[in-house]
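# Fold and geometry: a report
Letter by letter, the chains look like this.
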Amino acid sequence: MDLSFFVVLLAAGIRYGTGTLFATIGEIFAERAGVLNVGIEGMMLMGAVTAYGAAYYTGNPWLGLLVALIVGGVMALLHAFVTITLRADQVVSGLALTLLGAGLSAVIGAPLVEVRDAPQLPAFPIPGLAQIPILGPIFFDHNVIVYIGLLAAPIAWWYIYRTRPGMELRAIGEYPAAADVLGIAVIRQRYLYVIFGGMLAGLGGAALSLAITPLWVEGMTAGQGWIALGLVIFASWNPLRAALGAYLFGAIGRLPLDLQNLPLFLANPQLGYFARMLPYLFVILLMIISARGNMRRRIGAPAALGQPYVREERGA
Amino acid sequence: MHRGGAPRIRFERRLEQPRWLSIASPFILVAAALAVGAALLALVGAAPLVVYGRMAEIAFGSAYGWSDTTIKATPLILAGLGVSIAFKMRLWNIGAEGQLFIGAWCATGVALFLMPKDTPQALMLLAMGLAGFIGGAFWGFIPGVLKAKLNINEIITTLMLTYVAFQWNNFFVYGPWSQRGFGLTEQFPKSAWMPRFTDFGKIFPAFQGMTAHFGILLAVILAVFLWFVWRRSKWGFGVKIIGDNPRAARYAGINLTRNIIVVMMLSGGLAGIAGMVEVSGVVHRLQERFSPGYGYTAIIIAWLAKLNPLAIILVSYLFGGLLVGGDAIQPAGIAGMLQGVILFVVVGGESMLQYRIRVER
């Protein structure tokens, strides 16, 4: 193993982790506002299939991206209505969203499974920067959607920690009653952030089907929506840490492909099944690490996460 | 609080649910779910009434239909009971699918490699059932311990372990246990087959051709047993208290840590039995994908049945019918989509029925 192996691995990690990153950042916004949405997997799948279909039928991948944003947002709106307005259990509603998305995407996508030539989002090596040794191939020789992801994490961090709306966002997730007293429209803001989170999940799905693994197959997210849910906790609801987690996950998710060319794996191809467990085991490991870390540093979930806000009743 | 401006729609919680509503609500909700499903079907270009009619006829229109539906309902009941145990304590075990695969894997190991082929059938099935339970319980034990000791979110761990279970299963059916490199093992010896109703066709002619197996009896017995556990046992009462109010449970001296682990193991163990029953009663071997997502459907079933074991039997038959009917129509995936719609409408609708809608001016 030499340096080039790691360069390839890191570049692949950033590429492969981009879809998960969007979904993770989206979920951070929703959870920061106090609403848990475990339906990411369903929204990603719907985003992936509608983006691919729209790109194929219109010939324009950017239109596909737009459709995925809308579809993700609409699905999240369903979740928002059921959990914020009707105050149903957030976990169950999110599960329903995932099952709905998985089933519906399979139905919609049936005619698209054979399609292999839908237009993709363009790759764009950044002139000059892409030629820098080591850093060039890792950061600056990617599909456009990857750059959007690289920018999204710091922007989301800045918004949450350095702007007034970001501060309000944290307030409605920690202490909605106090936020309400300050004149923040808790219900409306929760709606907006849940919808925004869904849009990013849809975008994550579109990133998969239009750029990262450019095709549509049933269940193609392979648990990335659930992994995003784990990464949110690992990230302590911080978008920058989320990027770290998502790209690490991307690299490990890519690993089986790289490992299969090693002599050991060529001789025993069945070891590949164990390599394919790694991303999932990695997430469990991350959860264990962050559980211990969070206990020590006393960083927890937003205090009002999972609880509906009712003005008339005593809030959290 | 609201002065002037446009009228505003408010949802107000009903103080008590009128009696007619609590009786009518399941029917209202199922009807609403079917209506929403019909709209979606029309949207994707199918004729809703034709699809529904055809599905109902295939699943419930004949004795063979009922037999096929029973085959699907069997693992659904078992896995549904499994997740319902965890849900009762508000533990979100959504990894029943993985627990089911590990249970099936353990049962297969027993049937093919541990026990001699001429083991008496009863003994063989007992050993397989035990192995299935232990396998599933172990797969539930891991997230249980992580939850109890480190407070790690069980939604994520149970699901991650499901994907690990798939790969574990794949390794064996393509690797050491594989039959010529296909994604399946060799067939079980006859002693490892769950008796089927058609096997008794000579004595009871009505059973001829009915491939449903005795797993359904086990499922029903376990459901009734669980119903008694919730109703009558101190332990069942304790679990319910933990679910409703963990703090009160701790003050009452109930050991939370141990109960979390035990409940997760029982939950996984029942899903493991579902896997054993499926390989022993239906496929008679281990395969790459022998379950069409029973473990996920079980989540919906447990919730719709409001965690009532007897209702789980009923709802499992409904969803079994949905799977049987869905298999026979195109495009594939309609059954899955309808499952999601039904759960969504019921979850949302149930809370909606707790509210009155008022327009404020």
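Residues numbered from 1 in each chain as written. Chains lettered and ligands numbered in written order. Predicted model: local features only at pLDDT ≥ 70, side-chain atom pairs only at ≥ 80, totals over all residues. Heavy atoms only, no water.

## Description of the environment of Gly95(B)
All names here are of chain B. Note the following rule: Think of it this way: any DSSP run of H or I at least four residues long counts as a helix, any run of E at least two long counts as a strand, and we number them from the N terminus. Under the scheme applied here, a residue whose accessible area is under 20% of the maximum for its type counts as buried, over 50% as exposed, and between as partly exposed, the area being computed with a 1.4 Å probe on protein chains only. In this analysis, two residues are considered to be in contact whenever any of their non-hydrogen atoms come within 4.5 Å of each other.
Considering the arrangement of structural elements, one finds glycine 95 in the loop between helix H3 (63-88) and helix H4 (96-114). Residue glycine 95 is classed as buried on the basis of its relative accessible area, which comes to 0%. Non-local contacts of glycine 95, meaning those with residues more than four positions away in its chain, are made with Thr158 and Thr162.

## Things to note about the confidence of the model for chain A
Inclusion rule: Residue-level confidence of the predictor is summarised by pLDDT, bounded by 0 at the bottom and 100 at the top.
With 96% of its residues at a pLDDT of 70 or more, chain A shows a mean pLDDT of 88. The weakest mean pLDDT in chain A belongs to helix H13 (residues 263-267) of chain A at 78; the strongest belongs to helix H2 (residues 18-32) of chain A at 96.

## Here's the deal with the packing of H4(B) against helix H10 (residues 256-283) of chain B
Residues and elements named next belong to chain B. Basically, it comes down to this: Here the axes come from fitting lines to C-alpha atoms, over the contacting stretch only for helices, and the angles between their N-to-C directions go from 0 to 180 degrees. Under this scheme an angle from 65 to 115 degrees is roughly perpendicular, one under 35 degrees roughly parallel, and one over 145 degrees roughly antiparallel; angles in between are oblique. The hand of a helix crossing depends on one turn: near helix anticlockwise from the far one by less than a right angle means left-handed, and clockwise means right-handed.
Interaxial distance between H4 and H10 falls to 6 Å at its minimum, and their mutual angle equals 55°. Taken together, the axes of H4 and H10 lie oblique to each other. As H4 runs across H10, the sense of the crossing is right-handed. Contacts between H4 and H10 involve Ala96, Gln99, Leu100, Gly103, Ala104, Ala107 and Thr108 from the first element and Ser267, Gly268, Ala271, Gly272, Ala274, Gly275, Met276 and Val279 from the second.

## Here we look at the interface of chain B and chain A
As a reminder, the rule being used: The buried area of a pairing is the accessible area, by a 1.4 Å probe, that goes missing from both parts when the two are put together, added over both. What counts as a salt bridge is simple: a side-chain nitrogen of Lys or Arg found within 4 Å of a carboxyl oxygen of Asp or Glu. Residues adjacent in sequence count toward polar contacts only when both atoms are side-chain atoms; beyond that, a polar contact is any pair of N or O atoms within 3.5 Å, and within protein one must be able to donate a hydrogen and the other to accept it. Residue classes follow a fixed rule: Ala, Val, Leu, Ile, Met, Phe, Trp, Tyr, Cys and Pro count as nonpolar, while Asp, Glu, Lys and Arg count as charged, and any other residue, Gly among them, counts as polar.
Facing 47 residues of chain B, the contacting portion of chain A comprises 49 residues. Buried area between chain B and chain A, summed over both chains or domains, comes out near 4,100 Å², and the portion from carbon and sulfur atoms is 83%. It is Ile156(B), Met160(B) and Phe344(B) that lose the most area in chain B upon contact with chain A, and together they represent 17% of the buried surface on that side. At the surface where chain B touches chain A, the tally comes to one salt bridge. Residues Arg90(B) and Asp89(A) are paired through a salt bridge, measuring 2.6 Å at the closest nitrogen-oxygen approach. For the interface between chain B and chain A, the tally reads two residue pairs in polar contact (both at pLDDT 80 or more). Elements with a contribution of two residues or more to the side of chain B that touches chain A: strand S1 (8-13), helix H5 (121-150), helix H6 (154-174), helix H11 (294-304) and helix H13 (334-353) of chain B. Tallying contributions element by element places H6(B) first for the side of chain B that touches chain A, with 13 residues. Grouping the amino acids of the side of chain B that touches chain A by side-chain chemistry returns 33 nonpolar, ten polar and four charged.

## Comments concerning the packing of aromatic side chains
Heads up, the condition is: Centres within 6.5 Å make a pair out of two Phe, Tyr or Trp rings, where for Trp the six-membered ring is used; the pair is then stacked when the planes are under 30 degrees apart, edge-to-face when over 60, and tilted otherwise. Over a ring means this: the NZ of a Lys or the CZ of an Arg is within 6 Å of the ring centre and within 35 degrees of the ring normal.
This model, assessed by the stated rule, comprises 32 aromatic pairs over all chains. Ring geometry for Phe197(B) against Phe207(B): centres 5.2 Å apart, planes inclined by 70°, an arrangement best described as edge-to-face. One end of the pair, Phe197(B), is in the loop between H6 and helix H7 (215-232); the other, Phe207(B), is in the loop between H6 and H7, with ten residues separating them in the sequence. Exposure remark for Phe197(B): the relative accessible area of 17% places this residue in the buried category. Under the relative-accessibility criterion, Phe207(B) is labelled partly exposed at 27%. Ring centres of Phe200(B) and Phe214(B) lie 5.5 Å apart, and the angle between their planes is 10°; on these two criteria the pair is classed as stacked. Here Phe200(B), found in the loop between H6 and H7, pairs with Phe214(B), found in the loop between H6 and H7; they are 14 residues apart in sequence, far enough to count as distant. You can call Phe214(B) partly exposed: its relative accessible area is 25%. The aromatic ring of Phe234(A) is capped on one face by Arg241(A), whose charged end is 5.0 Å from the ring centroid. The ring of Phe166(B) is capped by Arg289(B), whose NZ or CZ atom sits 4.3 Å from the centre of that ring.

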